[in-house]
Amino acid sequence: MSLQTPPDSSCLDLWREKNDQLVRQAKVAQDSDLSLRRQQLAQDALEGLRELLHSLQGLPAAVPVLPLELTVTCNFIILKTSVTQGFTEDQALDIQWGLERVLETQEQLGPRLERGLRDLWDSVLYASSLLPELLPALHRLAGLQAALWLSTDHLRDLALLLQTLNGSQSGSSEDLLLHLKTWSPPAEESDAPLTLQDARGLRDVLLTAFTYRQGLQELIIGNLPKALSSLHEAASGLCPRPVLVQVYTALGTCLRKMGNPQRALVYLIEALKGGSTLGPPLLEASRLYQQLGDTAAELESLELLVEALSVTHSSEAPQLLIEVELLLPRPDPASPLHCGTQSQAKHLLASRCLQTGRAEDAAEHYLDLLALLLDGSEPRFSPPHSLPGPCMPEVFLEAAAALIQAGRAQDALTVCEELLSRASSLLPKMSQLWKDDRKGTKDLPHCPLWVSATHLLQGQAWVQLGAQKEAVSEFSWCLELLFRATPEDKEQGAASNCEQGCKSDVALQQLRAAALISRGLEWVARGQDTKALQDFLLSVQMCPGNQDASIHLLQTLRRLDRRDEATALWWRLEAQTKLPQKDTTWSLPLYLETCLSWIRPSDHETLLEEFRISVLEPRDL
Amino acid sequence: MAGAAPRVQYLAGLCCPLGGLASGKPRVLCHEAEAFLSTGSELVYVYDLEGGLLTAAYRFPGQVWYLELLAPRRALYVLCARKGIYCLSLDHLSRRSTSQDDGDSEDGELPSSVIPVGPDACVLPDASLCAFTVLDGTLVTLVQGPTQWKMQLFECPCPGGDPQPGGQIGEVELSTYTPPAGVPGKPADPRFLPVLCCMSPPASRAPHRHLWGSGSFTLKEALFGLLFGVDATLLESPVILCGLPDGQLCSVVLKALVTSRSAPGDPKALIKILHHLEEPVIFMGALKTEPKAEEAAEETLPGEDVHFDCLVALGHYGRMLAIKASWDKAGNLVPELREYCLPGPVLCAACGGGGRVYHSTPSDLCMVDLARGSAPLDPTQPEEGPGGLPPLLCPASLSACSVVTLSVSSRAPEGGTELLALSAKGRLMTCSLDLNSEAPGLSVVSRANTGQKIKELLSGIGTVSERVSFLKKAVDQRNKALTSLNEAMNVSCALLSSREGPKPISCTTTTAWSRLQMQDMLTATCLLENRSAFRLGQGWTLCVQVLTSSSALDLDSAGSATTYTIPVDQLSPGSQREVTLPLGPGENGTFDLPVTVSCTLFYSLREVVGRALAPSDSFEDPFLDEDPPNVLPEQEGICLPLSRHTVDLLQSLRFPSLAPPCTQAPPLRSPADPVDTFLEACWEPGREPGSQPVGPASLRAAYLPPSVACIKVSAELLRAALEDSCSGVPLCCATLQWLLAENAAVDVVRARALSSIQGVAPDGADIHLIVREVAVTDLCPAGPIQVVEIQVESSSLADVCRAHHAVIGRMQTMVTQQAAQGSSPPDLRVQYLRQIHANHETLLREVQALRDRLCMEDEASSCTTAQRLLQVYKQLRNPSLVLL
C-alpha cells in the first residue's frame, strides 16, 4: 500500500543535497594524500550514506523519490565495497531491498515470499518499462549486481540479467561478452543527483574484469588459444596499470606455453615497462629464459626478481570505486602469476645456481638467504614455505651441499652444526637411545630423515677436508639413524608438515645407498678394500637400480681380483642397460642429488668398456 | 597452600553501569607503579598504585574492548569497538596527570579531568577488528570477515609519529565461523571476543623485553618445538596463538605469515589447529611447573626471561587444557595433554608464578596449582624428563566474588603474589596472597601493626559482605522459584485429576461480531476462570491456538494456525480474565470456516526455574540471555489443555433482518461482488424497450439459481433430543433455535418463534435457512413417518457447503448422544434404502468420472462437464435419506 503523495519537495531537495555533499566528501577523501585521514573521511561518508538511506527507506516507497533513493543505495554499495575491498552478503541484501522498494510502488510485491534476486530483477525491469524515470538508476544498480555476480562466479545469472537489460529475446544467453558489449546504459541527466560511479564506468570495468578472468581461467586449464583471445580482449579494453601488467604477464605465460617465446618476451617487456609490480613478469621471464636455455639471462631475471621483491612498495591506496581489481579472483599461490616473497625468490635463485653448476654463486645466495631468514629480529621475511617446496631443514641442507660443492667444507660444517644445535631440543635423547640399546628394547626413537642427511653432508665435508676418520664416523652415525627409520614411520610431533617431501621410500633408499657408497669410498681410500666391498655390496642390495653402486662394487671386485663375481655382476649390468630405461624421474631433494653427483664414478664408461674387452676376449679365445 | 590467607584491599571505585560490569571486555594492566583499567565503557583510567589514586581518565570514541602496553616504547594500545586501534604515549600520560583527591572514595567519581582522545590518535582504523596483540615491530590483528576470521600483520605504528598506518605485511584466513545474527549492516556486539597470545622460543636472538605485555610468553624449547614444529624452531620465530569463540585453538608462525599484500597466505600451510575446547576460549597463558626451576625463577625478577614449560587455555564453562612436553620410553618427544574441569562460568583468569592459575567465577575467585610439587610425586618416575601434570586439580577459594578482570601485579611482596582485580561493581582491589603461610610472625603483632591489621580486617569484612549479599540474593531467588513450582504442581494436579464434572480452571469461548477499524470483525472471546483454590502466578501463560480449516476451494492448501500467548501474570482464586482475539476476515478478506480455537495453559520452567538454578546468575548478570548448561530437564515447561471450540458458519451468521431498524448495520454485502457487478453491467434499462425492467436480482434468479442443500431428520429423533427445549414450541422452531443456539441471534429467534430465517454469511452472501415438517411415505412399511427437513439456500455455493457442514456436524453429535441413550429406529423398508444407496453410488461414480474428465478436457467441453458436475452435486446434497 503505497502513498503516492511525494514528501514535501523541499525535503527531497534536502536529501538530494545531503547525497551530493556526501559524494563530494568521498571524492575529497579519494584525493587526500594521508591515508589515515582518507580512511576516516571515507568511513564518515559511508556512515552518512547509511543514515541517509535509512531515513529514505523509513517512508513508504514513492516514485518521485525512488531515483534519489536508488542513487543513494548505489553510492552506499560502491563506497562500502571499496572500503571493505570486497563484496559480501550485505551488498546483495542492499540490492534486494532496493528492488523490493521499486516493486512496492507498483504494488506488485504481493505476499513477501522468498524470491530469488533473478526473479526480482525480472519483475523490476518489467515494471520499469512503466517508469522510464527510474531507468538510469536501475541500470546503475544492475551494474553493481553484475559486479557482485561476476565476483561470485554467478555467470549464468549475470548473462540472463544482461539479456533482459538489453531487451534482446533471442541469442544464446551464454555469450556474456557480447551481452556486456551491447549493453548501453542510458546517459545520466545533468541535473541528476551525484553518483560515485556511473553505469557506463561500471560496464567498462566489468568488461575488462570478465575478459581477464576468463583468460586466466582458460590459461590455468590449458585451453591456450581461447585464453589468448580473451587476454587480448582484456588488454585492449580500459585497463588500469597494475591490471595491465598482470594481463601482459598472463599473455607472456600463454605465449610461452604455446611455443612463441619471442612474442612472449615482447609482452613481458611491455609489462616491465608498465608499473611498479615487477615480480610476476620477472618470474615469468626467468621461466622463459630457462625454457630457451639461456641460463645467464634466467639467473639475471631471478636476481632482479629478488631485488624487486625486497622493496616493500607501499601499495597505492585503492580508489573509492568499483575497480577491476575488486572483481578479480583472489590471488592464489597456484596461479601462474604468483611470485611469492623475497625469500622464496632468493631460494629459487640459489637452487637454480646450484642446479646449473654455479656453485660459488649458489653458496653465496644460500648464505644470504639463511641470514635473511634467521637474523632478522623483526619478522619481515617468510621462509620459502610455498607448497610443494622444501622446508627449513632442507634449506639448511641445500646450503651445506652448495658450500661443499663450492669447496667451502668448513663453512658447510658450520651450517650443519647450526642446524643440529637449533633443532637439538626436538631430537630424541641420545643417552636414552644407548641405554635402551643395551636393554634391547624394541622401541626405537624416530629420527627425521633430515637429521641423517645432515650427518651425511658433514661426512662429505670431512672428506673434502681430508679427515677420513671423522668422515667415516659421521657416515656410520648417519647409517645408524637411517636403519632405525622406516619410511612408514608415523612422524611424531617434532616433524614439520612438509617433511613428506623427503620422506618418500625412494629418498630413504637413495640416502642409504649414498651413505654406504660414501663410507665405502673412504674405506677404499684407506686401502681397506674388504670393508669397502661390504658397504658396496650392501648398497647394491639396498638399491638395485643404482648403477653407481654396482660400478663401485665392480671396481672393488676387480681390485680384489674376484673375477667370477665381477663378471657375473657385469653381465647383470649389461642386461640392465639393455633394458628399456625405467622412468626414473623421482624427484629427489636437491641436496641429495648434489651429494649423489659427488660419489658418481668419474670414468664409468671407460671402465665398462675395459671390462667388456677383458670379459669378452677370453671367451673369444 | 590452601591455607594462604588472602588479604583484600579496596583501592578505588569506578563508574559502572546499572547491573554491574559484564565480563570479557574489562581489562586491568599493571606496569611498574601504574595500573591501566578499562571497564568496557569508553573510559580508560590510569591508577597510581603507590599514590593510591586515579590520576587520569581518557574518553575514547567507542567502547574499549582490549588494552595492551608496549613497555619499551612506552605506548598504550587500545582497541575501540567498531573504530580501530588507538595508541597513547605514556610519557604523554604522565605529563597530563593531574593531582586528585582521595582515590579511596568509592563514589565512582572521575578524576577532575577526562581527557578526550581524538581521531588523530587512531593508528589503525578498521571497524571489524576484534582482537590484537603488539610485538616490538609488528601489530597482529584479528578481523571479523563476513564468513571468516582473518589474521593480519602490520608494521607497528608508533604513537605521535608518522600518521601513515604501517603497511600490511601479511594476512591469512582462519577457520569459518557463523556470524552472529544482527540487523544487516549493524552487527551485534560479539559476546565473546577471540583471544590472541604470543609464544616465543627461548633462543630468539631478538631482545626479550620487547615482548612485554599481558599476551606474551617465552616457552621452553622442547614445548615450543613440539607444539609449533621444526620450521618455527629453526626460524626462532614467535608464534601467535589464537583462541576463538567457537573453541578452536590455532597457531600461526609469525615469520611465515609475512606475505605480499597481493597474495594472502595459504591457510593450509600457515595455520595449525592445536586443539578444540568446544566452548569459547577466554584465556590462554603459560606456566612454569617444574619445581627445581621454580626456585630459580623466583630468584629472578618477574618478567625476566622465565621459560615456561606448560601451555594452558581456559574455556568459558570451565574446561581447562594444559599441554606439556615429555619424552616417552624410547626418547621421543611427545606431548602430554590434559583437560580439567573447573567450576564455571569463568569470567576471567590469569597465570601466576609457579604453576598457579587464578580464575574467577560469579561466586568465587579460585586458584589451582599445576606445579609438580602440588601433586604427590610418583617415585617410580624417571628423574629426567619433565614431570607429569597432576591428574586432578583442587580449586582453592580466595574469597572474592564476581571479579571481571584480573592481573598479576609486578610488585609482588616477597614470597607472595599480589593480584589486581576489578569487581563487577567497579571496585578496583588488590588481593595479596601470602603463599608461605607457615611463615611465623603472625602471632607477634606489634602495636604498630595493629592499625594495619584492623584496616585489613575491615576490608576483609567488606569482601565478605559483598559475597554474602550475592549469595543471599541467589537463595531468595531459589526460594521464590520453589514456591512457584509448588503452586504450579497444585494447579496441574487439580486440572489433571478432575476428569469429570466442570474443571476447576476453565476457558470458555464465545464468538461475536464487532466493528473494528472500519471493518466488521468476527472475534472470539476466551474467558479464563479460576475456580480452583490455587493462584496462577508468574510463569503461567495462556496459549490460544486458532486453527483454520483448509480452504474448500483449494484442496492443496493446508489450514493455517496462529498461536497467541498471553501471560497470565496473577490470577487469584475466583477471578477471571477475558481475552478477545480476531478470527477474521484474514488479510485477503476471506473466512476459512470452520475455525478451531483451542486454549492451553503453559507453565515455563525455563522462566521460573532456569533463572534460579543457573549458577551464573547474579546481579551483574552478563549471562541472563544464555542457556544454563545441563541444569534444566529436557522439556521446557508444563502444558495443560483447557478447552477446544469450533466456530462454524452457523455461529457466525448475522441476521440484519431481525435487528431493530435503528441499529441495523449497513448492508453487509461486499461492494465488489464480481457477479453483481457483471449482472449490473448486463442490465441496462431501456436497452430493450417494451420488456419490463429487469434488476440484477431477477437476473441472478434467472441465471444463477441459488444452491440448495437439505437434510431430513426424523421428527421423533429430534423431539427426543430437544425434549427439554421444545416443550410448548413447534418442533420446527425448536430445531431452528437448536441450530442457532450459539449465535447471538438465538434470543430473537426464540422470541419470534421463527421457523425460517434469512441471514448473511461472513463473506456477505445471503443464506436462507428453512425448517419444515414433512411426511415421508415410502420409507417405512408402517406408514408415513414425520420428518423435519432443514433446507439451506444461498447464492454462494461455498456458504451452502459450510452451512451444510455445520448442520451435519450438529446432527452427528445429536445422533451419537441419542444412540447412547438407546432409542430404536422404526422398521424400514430395506429395499428402498438399498435403492437410495445404489443411486448415490452411481452419482458418486459419475462425480469421479466427471472430475477426471475435467482435468483432461479443453475449455469448451469442460464447461458442460462442470455444469453437469454441479447438477450431480446438487442431487447429492438433496438426499432422500432421512436421519432416524
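Everything numeric in this text was worked out from a predicted model, so none of it was measured. Residue numbering note: each chain is counted from 1, following its sequence as written. To label them, take the chains in the order written and letter them from A, then take the ligands in the order written and number them from 1. Note on the predicted model: pLDDT of at least 70 is required for a residue's local features to be given, and 80 or more for side-chain atom pairs to be given and counted; whole-chain, interface and lining totals, by contrast, use all residues. Side-chain metrics in this entry use all non-hydrogen atoms of the structure; hydrogen atoms and water are not considered.

Chemist: Please provide a residue-by-residue account of the sheet that holds strand β7 (residues 75–80) of chain B, values included.
Modeler: Residues and elements named next belong to chain B. Note on pairing: two strands pair once DSSP finds at least 2 bridges between them. Each helix is a run of H or I in the DSSP string that is no shorter than four residues. Each strand is a run of E no shorter than two, and both are numbered from the N terminus. Strand order in the open sheet formed by four strands is β6-β7-β8-β10, and the pairing between neighbours is antiparallel. The strands lining the two open edges of the sheet, one partner per strand, are β6 (64–70) and β10 (122–125). Adjacent strand axes in the sheet meet at a mean angle of 20°, parallel and antiparallel pairs treated alike. Here six bridges tie β7 to strand β8 (residues 84–89), and the two strands are oriented antiparallel to one another. Pairing of leucine 76 across the sheet is with leucine 88, part of β8. Interaxial angles span 0 to 180 degrees and are taken between N-to-C directions of axes, which are lines fitted to C-alpha atoms, for helices over the stretch in contact.

Chemist: A description of the nonpolar core should follow, citing residues and the corresponding values.
Modeler: Working definition of a nonpolar core: buried Ala, Val, Leu, Ile, Met, Phe, Trp, Tyr and Cys residues. They are joined through side-chain atoms within 4.5 Å. Exposure classes here rest on a 1.4 Å probe applied to the protein chains alone. A residue is buried below 20% of its type maximum, exposed above 50%, and partly exposed in between. Ranked by size, the top nonpolar core spans 160 residues in total, and within it Met151(B) and Phe228(B) carry the most contacts. Formed by 93 residues, the second largest nonpolar core is a distinct cluster that contains Leu46(A), Ala62(A), Val245(A) and Leu288(A).

Chemist: An account of the pairing of strand β30 (residues 416–423) of chain B is needed here, citing residue identities and associated values.
Modeler: Side chains on a regular strand alternate between the two faces of the sheet. All names here are of chain B. Most of β30 sits out of view: eight of its eight residues are buried. In terms of strand pairing, strand β29 (residues 403–408) meets β30 through five bridges, oriented antiparallel. Along β30, the bridge assignment pairs valine 403 with serine 423.

Chemist: Please provide a residue-by-residue account of the packing of aromatic side chains, values included.
Modeler: Residue and element names in this part refer to chain B. Here is the rule: rings of Phe, Tyr and Trp (six-membered ring for Trp) pair when centre to centre is within 6.5 Å. Planes less than 30 degrees apart are stacked, more than 60 are edge-to-face, and the remainder are tilted. Tallying each qualifying case throughout the model produces six aromatic pairs over all chains. Aromatic side chains tyrosine 66 and phenylalanine 132 sit 5.2 Å apart centroid to centroid with 85° between the ring planes, which places their arrangement in the edge-to-face category. Taken as a pair, tyrosine 66 in strand β6 and phenylalanine 132 in strand β11 (residues 129–134) lie far apart in primary sequence, 66 residues in all. Take tyrosine 66 and phenylalanine 132: they sit in the same class, and that class is buried. Aromatic pair tryptophan 540 and tyrosine 603: ring centres 4.9 Å apart, planes at 50°, arrangement tilted. In this pair, tryptophan 540 sits in strand β34 (residues 540–548) while tyrosine 603 sits in strand β37 (residues 595–604), placing the two residues 63 residues apart along the sequence. In this pair, the class of tryptophan 540 matches that of tyrosine 603, namely buried.

The analysis is restricted to geometry; functional conclusions fall outside its scope.
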